[in-house]
Amino acid sequence: MDAIIIQFLNGLDKGAAYSLIALGLTLVFGTLGVVNFAHGALFMLGAFCAVTFNALLTWPVQPPKAEGALFAPRPVPYMEYAFGDFGAAMINWSVPLSILLAIPVMLIIGLVMERGLIRFFYKRPHADQILVTFGLAIVLQEIIKKIYGANPVPQAAPDAFAGTANIAAWFGMADAFIVYPWWRLIYFLFAALVIGAVFAFLQFTTYGMVVRAGMRDRETVGLLGIDIEKRFTVVFGIAAVVAGLAGVMYTPILPPNYHLGMDFLVLSFVVVVVGGMGSLPGAIVAGFTLGILQSFASMNEVKSIIPGIDQVIIYLVAVIILLTMPRGLMGRRGVMED
């Protein structure tokens, strides 16, 4: 029973990452009709926003040598040298604080990407969109590799969330021993908050309602005198921010490297297809469902029966669902059926 609960929590953790990336992918496809294979690179860039922010805070400085001392003191992080305990606290909380850097940076990257490249491929075949965005993803990851190197760059969670939570005690399970990393729980709650914020934006704001109307019928909204293209550009920027925030908060779980985006991209596209192209609720449901299934498939008891099942379970489920439900779980009629 303990192992089942742990695997379920692991599934929620993986599903949260899949859902956040798939949410951005679906937003872009639902509004612009673009299959964006560079979206995984946005997840990677968000992760390296956290790396960059931490590097700026920990930039080493050499304190002056004390009079009469034989040796100069060792270099210390600039923030700690300049601000003492406050600076040390900022370094400790650098991952969540890097959200302040990631939001404007990812928004600008998304807007520049859409205005500078993506908009020229709106009416082109999906194959052209895939090729150009996949090429862009390769360029971005090679730039990151050149700047930060090929090795993973570990990022530490704040000390307050570096340990494990006693899950069993929360539910009064005195006979059980179930502990789980605090930061993975934080990531799940963060993902739920971001997903809720995106849905609230689309559902309850006038701007979001116009966007949803444009997703249904772009021409009619345009005839009403609304510049729907400009709003869709903003939505592309929002999708970039969502992917970037997912990458920022994932860094203590998986140290970022230059191919991090590609590792998540393929799985996230499977999530989008299973959920239904253009369906935001479908992306969320499929993301958490496939994350949980992948987690349970990685159990030794399961792999001893079906070796390698953890590597193919997501694709196997995708094949089964698409054979029985060609539009995915919540796909709309006419989306990518031409």
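Residues numbered from 1 in each chain as written. Predicted model: local features only at pLDDT ≥ 70, side-chain atom pairs only at ≥ 80, totals over all residues. Heavy atoms only, no water.

Before going further, it helps to examine the overall build of the protein chain. Summing up its helical and strand segments, the protein chain has 16 helices and four strands in all. Taken over the C-alpha trace, the protein chain has a radius of gyration of 22 Å; the compact-globule value for 338 residues is 20 Å, and the two agree within 12%. Considering only C-alpha atoms, the protein chain reaches an extent of 80 × 55 × 35 Å along its principal axes. Expressed as a percentage of its 338 residues, the buried residues of the protein chain come to 46%. (Helix = DSSP H or I, 4+ residues; strand = E, 2+ residues; numbered from the N terminus. Rg over C-alpha atoms; globule rule 2.2 N^0.38 Å. Buried < 20%, exposed > 50% of the residue type's maximum accessible area, 1.4 Å probe, protein only.)

The end-to-end C-alpha distance of helix H1 (residues 2-32) is 45 Å, a good match for the 45 Å that 31 residues give at a rise of 1.5 Å each. Within H1, 24 of the 31 residues are buried, which leaves it mostly tucked inside the rest of the structure. Residue Gly33 follows H1 closely and has a positive phi angle near 70 degrees. (Expected span 1.5 Å × (residues − 1).)

Let us now look at the packing of aromatic side chains. Taken as a whole, this structure holds 14 aromatic pairs when the rule is applied. Here the aromatic residues Tyr18, Phe43, Tyr187, Tyr250 and Phe264 are joined through ring pairs into a cluster of three or more. The side chain of Arg231 reaches across the aromatic face of Tyr207, ending 4.6 Å from its centre. (Phe/Tyr/Trp six-rings, centres within 6.5 Å; stacked < 30°, edge-to-face > 60°. Lys NZ or Arg CZ within 6 Å of the ring centre and 35° of its normal.)

Throughout the structure, instances matching the rule amount to three salt bridges. Linking Arg124 and Asp128 is a salt bridge whose minimum nitrogen-to-oxygen distance equals 3.1 Å. (Salt bridge = Lys/Arg side-chain N within 4 Å of Asp/Glu carboxyl O.)

Here the focus is the packing of helix H9 (residues 182-204) against helix H14 (residues 280-297). Two numbers describe a pair of packed helices, the interaxial angle and the distance between the axes. Contact geometry for H9 and H14: axes closest at 12 Å, N-to-C directions at 170 degrees. Accordingly, the angle class assigned to the pair H9 and H14 is roughly antiparallel. With respect to the hand of their crossing, H9 and H14 are arranged in left-handed fashion. Contacts between H9 and H14 involve Phe188, Ile195, Phe199 and Leu202 on the former and, on the latter, Leu280, Pro281, Ile284 and Phe288. Partitioned by chemical class, the residues of the contact of H9 with H14 number eight nonpolar, no polar and no charged. (Axes fitted to C-alpha atoms, helices over the stretch in contact; angles between N-to-C directions. Parallel < 35°, antiparallel > 145°, perpendicular 65-115°, else oblique. Left-handed = near helix turned anticlockwise from the far one by under 90°. Contact = heavy atoms within 4.5 Å. Nonpolar A, V, L, I, M, F, W, Y, C, P; charged D, E, K, R; others polar.)

One finds Leu20, Phe43, Met113, Tyr187 and Phe264 to be the most contacted residues of the largest nonpolar core, which totals 98 residues. In this structure, Tyr187 is in contact with Asp13, Ala16, Ala17, Leu20, Phe43, Ala246, Met249, Tyr250 and Ile253, ignoring residues within four places of it in sequence. (Core = buried A, V, L, I, M, F, W, Y, C linked by side-chain atoms within 4.5 Å.)

So, on to the confidence of the model for the protein chain. When pLDDT drops low, the exact placement of atoms in the prediction is not to be read closely. For the protein chain, the mean per-residue pLDDT works out to 85, and 94% of the residues sit at or above 70. Within the protein chain, the element-level pLDDT minimum falls on helix H8 (residues 167-170), averaging 75, and the maximum on helix H5 (residues 94-97), averaging 94. (pLDDT = per-residue confidence, 0-100.)

Here helix H13 (residues 260-275) crosses helix H16 (residues 309-324) at 20 degrees, and the two axes come no closer than 10 Å. Considered as vectors, H13 and H16 are oriented roughly parallel to each other. Seen along the crossing, H13 lies across H16 with a hand that is left-handed. Residues Val266, Leu267, Val270, Val273 and Val274 of H13 pack against Ile314, Tyr315, Ala318, Ile321 and Leu322 of H16.

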